Amino acid sequence: MNEQLNTLHTTGLAQLSGAANLEDLEQVRLNYFGKSGQVTQLLKSLGQMDAETRKTQGAEIHKLRETLQTAFTSRKDALEQAELDSKLAQEKVDITLPGTAHTTGKMHPVSATMIELAEILGRMGFGHAVGPEVETDYYNFSALNIPAEHPARQDHDTFYVETKDEEGLRKVLRTQTSNVQIRHLQNNPAPARIVSFGRVYRHDYDATHTPQFHQMEGLAIDKDLTLGHLKGTIQKFLNDFFGREVTLRFRIHYFPFVEPGLEVDVAWPIDQKADEKTRWLEVMGAGMVHRNVLAACGVDHTQWQGFAFGAGIERLAMLKHGFNDIRQLFTGRVDFLQSYGQLAAKLTAK
Ligand code: PHE
């Protein structure tokens, strides 16, 4: 028995230290410690021995197991270390390799313009309001003093959707953000001072029109607001938006929901004075809120009055940044966005 243990001891140690890699070492381990491994067998044989033999042999067998176990662990550590070393040597990082360039994404000019306008008007005391894009006939038209059969409805090439409203009229994709005026006034007591941004839809497509575009709508209602306040507000926020004193022309124009109604033109190019040779470019609609609109919202026109203004976001962005095809905004071309987009950090730093 002792001879058998001695042989196992010598050959075991020799095989363990001779294992060239982790797979070989595993084979050796199974040979001794596997289910039918030689050491395992010896340990099992302890059960058949009489008490006296077990006492002496048991200690020897356990000693052998321990020695081989320790030899196995240290060989395993050595082989693992060697494997890691060679891996590290192979995977050396080539620091001379050029890196991957990262480009910074920019905010789309439409989003950037809306944020910029919201900031300017926010500083002037206009809070933010929102309204739905799928709208009822009432909010998009009737409440804005555009009853059914009114010719002004034809100015808007309206998209109708299948869904009907409570009156059985088909809902529309809103053609203007003016719906927010009504919704705000009906839900909030006067006075009001809000601005709203969002998508609007008209069936139209050419260099200056896309079927979906964005508008801004401003509304101010108070006890003693006049056309002077309207003009002053528009002058101030367009100055801030274009970054210089702009020359404006207010021209009478008909919008059913304001009286009087105006269109606002900017002298172009903006760095010229009005008396120099300029073109007038229309930038927005505006006017004093019509008393029918106030009535539709339950606002007493003998107490309250005010003004509203609306502008196309794409048009303002195009004028400010100098590109002339609105469709460029919606092609999603990265080179266009890199040129005309804005860094978000730059916007909020102002
Ligand atoms: N809703 C008008 C349009 O889409 C713009 C406008 C808004 C005009 C507010 C006057 C007052 O053309």
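Residues numbered from 1 in each chain as written. Predicted model: local features only at pLDDT ≥ 70, side-chain atom pairs only at ≥ 80, totals over all residues. Heavy atoms only, no water.

Undergrad: Outline the site of the ligand, listing residues and values.
TA: By nearness alone, every residue bordering the ligand is listed as Q176, S178, R202, Q215, E217, F255, F257, G285, A286, A308, F309 and G310. The contact in question runs from a nitrogen atom of the ligand to an N or O atom on the side chain of Q176, over 2.8 Å. A distance of 3.0 Å is found between a nitrogen atom of the ligand and a side-chain nitrogen or oxygen belonging to S178. Isolated, the ligand exposes 330 Å² of accessible area, and the fraction of that covered by the protein chains is 91%. According to the grid-proximity analysis, the pocket containing the ligand is the largest pocket. Of all the secondary structure elements, the ones that give two or more residues to the shell around the ligand are β6 (212–222), β9 (279–289) and β10 (305–312). No other element matches β10, which puts three residues into the shell around the ligand. Across the shell around the ligand, the residue classes break down as five nonpolar, five polar and two charged. (Near = heavy atom within 4 Å. Polar contact = N/O pair within 3.5 Å; in protein donor to acceptor, adjacent residues only side chain to side chain. Areas by Shrake-Rupley, 256 points an atom, 1.4 Å probe, with all protein chains shown as cover. 1 Å grid on protein atoms, 1.4 Å probe; cavity = no way out; pocket = protein on both sides within 12 Å on 5 of 7 lines; lining within 4 Å. Sits in = over half its atoms within 2 Å of the grid points. Helix = DSSP H or I, 4+ residues; strand = E, 2+ residues; numbered from the N terminus. Nonpolar A, V, L, I, M, F, W, Y, C, P; charged D, E, K, R; others polar.)

Undergrad: Please set out the layout of surface pockets residue by residue, giving values where relevant.
TA: By volume, the largest pocket amounts to about 950 Å³. Among the elements of the structure, β6, β9, β10 and α10 (313–321) are those that each provide at least two residues to the lining of the largest pocket. Among the residues making up the lining of the largest pocket, the classes are represented as 15 nonpolar, twelve polar and nine charged. Of the pockets and cavities examined, the second largest pocket occupies roughly 180 Å³. Together, W268, R279, L281, R315, M318, L319, G322, F323 and N324 line the second largest pocket. Elements represented by at least two residues in the lining of the second largest pocket include exactly β9 and α10. Ranked by the residues each element gives to the lining of the second largest pocket, the list is headed by α10, at three residues. A per-class count over the lining of the second largest pocket returns five nonpolar, two polar and two charged. (Points joined across faces, edges and corners; volume = space filled by probe spheres on them.)

Undergrad: Mind laying out the sheet that holds strand β5 (residues 192–201), listing which residues take part and the relevant values?
TA: The seven strands lie next to each other as β1-β5-β6-β10-β9-β8-β7, forming an open sheet whose pairing is mixed. In this open sheet, the two strands that pair with only one neighbour each are β1 (127–128) and β7 (248–252). For β6 and β10, the ladder comprises eight bridges, and the chain directions are antiparallel. Note that in β10 the partner of D222 across the bridge is Q305. Lying on the sheet, helix α5 (residues 109–123) is in contact with β5, β6 and β10; it crosses β5 at an angle near 170 degrees. Docked against the sheet, helix α7 (residues 179–187) engages β5, β6 and β10, running at close to 140 degrees with respect to β5. (Pairing = 2+ DSSP bridges. Contact = heavy atoms within 4.5 Å. Axes fitted to C-alpha atoms, helices over the stretch in contact; angles between N-to-C directions.)

Undergrad: Outline the pairing of β10, listing residues and values.
TA: Burial analysis of β10 places six of its eight residues in the buried class, which makes it a mostly covered element. Direction of pairing for β9 relative to β10: antiparallel, over a ladder of five bridges. What sits directly across from A286, in β10, is F309. (Buried < 20%, exposed > 50% of the residue type's maximum accessible area, 1.4 Å probe, protein only.)

Undergrad: Please provide a residue-by-residue account of the nonpolar core, values included.
TA: Within the largest apolar cluster, 40 residues are counted, with the highest numbers of intra-cluster contacts made by M216, I234, F237, L238, F242, M284 and F309. Those elements giving two or more residues to this core turn out to be α5, β5, β6, α8 (227–242), β8 (258–268), β9, β10 and α10. In terms of residue count, α8 provides more of this core than any other element does, six residues in total. One finds V172, F257, V293 and C297 within the second-largest nonpolar core, a separate group that totals 24 residues. (Core = buried A, V, L, I, M, F, W, Y, C linked by side-chain atoms within 4.5 Å.)

Undergrad: Could you give an account of the pattern of salt bridges, naming the residues involved and the relevant values?
TA: Under the criterion given, the structure shown has twelve salt bridges. Close ionic contact of K76 with E80 constitutes a salt bridge, the shortest N to O distance being 3.6 Å. Taken together, the positions of K76 and E80, both in helix α4 (residues 51–90) and four residues apart, correspond to about one turn of that helix. Residue classification places K76 among the partly exposed residues on the basis of a relative accessible area of 33%. A salt bridge links R153 to D137, with the shortest nitrogen-to-oxygen separation between them at 2.8 Å. Of this pair, R153 sits in the loop between α6 (137–140) and β3 (160–164) while D137 sits in helix α6, and the two are 16 residues apart along the sequence. What makes D137 buried here is its relative accessible area of 7%. Three or more residues joined by partner-sharing salt bridges are found here, namely R249, R251, E263 and D265. (Salt bridge = Lys/Arg side-chain N within 4 Å of Asp/Glu carboxyl O.)

Undergrad: Any chance you could break down the packing of α5 against α10 for me, citing the residues and the numbers?
TA: It is the contact of α5 with α10, at a shortest axis distance of 9 Å, that shows an interaxial angle of 95 degrees. The angle between the axes of α5 and α10 places the two elements in the roughly perpendicular class. On α10, the residues that touch P109, V110, T113, M114, E116 and L117 of α5 are I313, E314, L316, A317 and K320. Of the residues belonging to the contact of α5 with α10, the class tally is seven nonpolar, one polar and three charged. (Parallel < 35°, antiparallel > 145°, perpendicular 65-115°, else oblique.)

Undergrad: So what about the domain arrangement of the protein chain? Which residues, and what values?
TA: Each domain of the protein chain was delimited in the assignment, giving domain 1 (2–90) and domain 2 (109–349). Put simply, the middle of domain 1 and the middle of domain 2, counted by C-alpha atoms, are 85 Å apart. (Domains from an automatic or database assignment.)

Undergrad: Account for the packing of helix α2 (residues 22–33) against α4, with residues named and values stated.
TA: Between α2 and α4, the shortest axis-to-axis distance is 10 Å and the interhelical angle comes to 170 degrees. Of the possible angle classes, the one that applies to α2 and α4 is roughly antiparallel. Two packed elements cross with a definite hand, and for α2 against α4 that hand is left-handed. Seen from α2, the contacting residues are L22, L25, R29, Y32 and F33; seen from α4, they are R65, L68, Q69, F72, R75, K76, L79, E80 and E83. Grouping the amino acids of the contact of α2 with α4 by side-chain chemistry returns seven nonpolar, one polar and six charged. (Left-handed = near helix turned anticlockwise from the far one by under 90°.)

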